[in-house]
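# Chains, contacts and geometry: an overview
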Amino acid sequence: SAVISQKPSRDICQRGTSLTIQCQVDSQVTMMFWYRQQPGQSLTLIATANQGSEATYESGFVIDKFPISRPNLTFSTLTVSNLSPEDSSIYLCSVDPQGGTSVTEAFFGQGTRLTVV
Amino acid sequence: AQKITQTQPGMFVQEKEAVTLDCTYDTSDPSYGLFWYKQPSSGEMIFLIYQGSYDQQNATEGRYSLNFQKARKSANLVISASQLGDSAMYFCAMRVYNQGGKLIFGQGTELSVKP
């Protein structure tokens, strides 16, 4: 298994500002994923972050709004930019310790609950 | 396209009884995995159980078991001896082997355990 530390656990931000969320893993992993969960909804993948390459964004999500960094195999950040109340959600990072070569494992961080006022 | 369907928005169960949460999936890929997660009000996603598409036996983890019916494309979660702490949202998810590792989630089922 992998232990994932996600920070902050929650934040209240003013509209127009940005929030950067950190995800630290206790082992090296090839693939890290960022999900968004809007209030009362399911989880939707924002992007996949691979070390040494640009993140791959899902339809409806763009780099200018959700820039992602992946400086090494144990760390990633997601920034939510130019915040609006519609960005109020839980943001979760997830890792696949097998690097996508196995379907057996998928672990999540504790989540970041963002409220935009 | 891959899809996960959970048709029960909310479920109630009496403490100490068993409950089944439904999940059906759709994929044409032969290699995939099915996951169940528990999400309490804190928002974290707690991994419960995993079933691979080639697994012959139904997965079990303590009080959790997965009723995997491949021909019907269903992967129902069975919780035995429900406890008050089981009250939470439950999500079924699928990962397809050749789709880069992402998880596709169902809409979730809110389980309430009554004393």
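Report follows, based on the coordinates.

The rules behind each value
Residues numbered from 1 in each chain as written. Chains lettered and ligands numbered in written order. Predicted model: local features only at pLDDT ≥ 70, side-chain atom pairs only at ≥ 80, totals over all residues. Heavy atoms only, no water. Helix = DSSP H or I, 4+ residues; strand = E, 2+ residues; numbered from the N terminus. Rg over C-alpha atoms; globule rule 2.2 N^0.38 Å. Buried < 20%, exposed > 50% of the residue type's maximum accessible area, 1.4 Å probe, protein only. Contact = heavy atoms within 4.5 Å. Pairing = 2+ DSSP bridges. Axes fitted to C-alpha atoms, helices over the stretch in contact; angles between N-to-C directions. Phe/Tyr/Trp six-rings, centres within 6.5 Å; stacked < 30°, edge-to-face > 60°. Lys NZ or Arg CZ within 6 Å of the ring centre and 35° of its normal.

### Considering the overall build of chain B
- Within chain B one finds zero helices and twelve strands.
- Going residue by residue from the N terminus, the α and β elements of chain B occur as β-β-β-β-β-β-β-β-β-β-β-β.
- The C-alpha atoms of chain B give 14 Å as radius of gyration, which agrees with the globular expectation for 115 residues (13 Å, within 12%).
- For chain B, the spread of C-alpha atoms along the principal axes amounts to about 45 × 30 × 20 Å.
- When burial is assessed residue by residue, chain B has 48% of its 115 residues classed as buried.
- The contacts of chain B with a sequence gap of at least 6 include a subset with a gap of at least 24, amounting to 55%.

### What to know about the sheet that holds strand 7 (residues 68–72) of chain A
All names here are of chain A.
- Here four strands make up an open sheet; going across it, the order is 1-3-8-7 and the pairing antiparallel. What marks the edges here is a single partner per strand, and that holds for strand 1 (4–7) and strand 7. In this sheet, adjacent strand axes meet at a mean angle of 15° when their direction is disregarded.
- Bridging between strand 3 (residues 19–25) and strand 8 (residues 75–80) involves six bridges; their strand directions are antiparallel. Note on strand 8: the bridge partner recorded for L19 is V80.

### As for the packing of aromatic side chains
- Under the defined criterion, the tally for this structure stands at 14 aromatic pairs over all chains.
- Measuring from ring centre to ring centre gives 5.8 Å for Y35 of chain A and F105 of chain B, while their planes differ by 85°; the resulting arrangement is edge-to-face. Within this pair, whereas Y35 of chain A is found in strand 4 (residues 31–37), its partner F105 of chain B is found in strand 11 (residues 103–105), the two belonging to separate chains.
- When the ring of F108 of chain A is compared with that of Y37 of chain B, the centres are 5.2 Å apart and the planes differ by 85°; the resulting orientation is edge-to-face. Taken together, the residues F108 of chain A in strand 10 (residues 107–108) and Y37 of chain B in strand 5 (residues 32–39) connect one chain to another.
- Taking relative accessible area as the criterion, F108 of chain A reaches 10% and is therefore assigned buried.
- One residue, R63 of chain B, lies across the ring of Y64 of chain B, its end atom 5.7 Å from the ring centre.
- A cation over a ring is seen here: K114 of chain B above F12 of chain B, with NZ or CZ 4.8 Å from the ring centre.

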